[in-house]
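# Fold and geometry: a report
Listed below, chain by chain, are the residues.
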Amino acid sequence: MTDLQKSFMKEAIKLSVDNVVNGTGGPFGAVVVKDGKIVGRGYNQVTTINDPTAHAEVMAIRDACKNLDSFQLDGCEIYTSCEPCPMCLGAIYWARPSKVYYGNTKADAADIGFDDDFIYKELELDYADRKMPFEQMMRDEAMAAFNKWTENTDKVEY
């Protein structure tokens, strides 16, 4: 690991520590880097802005995409203070950075009360066996948007 890479991880960790010290959210921070420069920063703001999706990685991705004027993070790297949760992992895959570096593990997070293991387990179950009920309805009507998307020749695919 280079000194520059260490400096990026130190910034992600600093964001996580500052967030706890300032009382603005959970102990998580992340930065997005492109061409050796930080282009996005994020820290956990779930309880501050009352948004369950306001995790550090998601906030850093949003910031980077805004700053880069792009919906993808091609050629970027993400440095995050903790191994991403399932939601953040999904967001990271959709953003398509080239690599992710993380500090703490998901086991470390579970040890302090941030246990995402139940989500991983739920994903493996059939809908009928999940703790939260899921029921499909109005598929035929919902297909209208998919059909229009398929027919659209002027769409931006992602």
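Here the structure is shown first, and the text comes after it.
What you see is a predicted model; the values in this text were computed from it and never measured.

Bringing the side chain of Ser81 into the picture now. With respect to the helices and strands, Ser81 occurs in strand E3 (residues 76–82). Residue classification places Ser81 among the buried residues on the basis of a relative accessible area of 3%. Every residue in contact with Ser81, bar those within four places of it in the chain, is listed here: Ala12, Ile13, Ser16, Pro27, Phe28, Gly29, Gly103 and Asn104.

Right, let's get into the environment of Ala60. Within the secondary structure layout, Ala60 lies in helix H2 (residues 56–68). Residue classification places Ala60 among the buried positions, given a relative accessible area of 0%. Sequence spacing of Ala60 and Gly40 is 20 residues, and the spatial spacing of their C-alpha atoms is 5.0 Å. If we ignore the near neighbours within four places in the chain, the residues touching Ala60 are Ala30, Val31, Val32, Gly40, Arg41 and Gly42.

Rules of the game
- Residues numbered from 1 in each chain as written.
- Predicted model: local features only at pLDDT ≥ 70, side-chain atom pairs only at ≥ 80, totals over all residues.
- Heavy atoms only, no water.
- Helix = DSSP H or I, 4+ residues; strand = E, 2+ residues; numbered from the N terminus.
- Buried < 20%, exposed > 50% of the residue type's maximum accessible area, 1.4 Å probe, protein only.
- Contact = heavy atoms within 4.5 Å.

Just distances and angles here, no functional claims.
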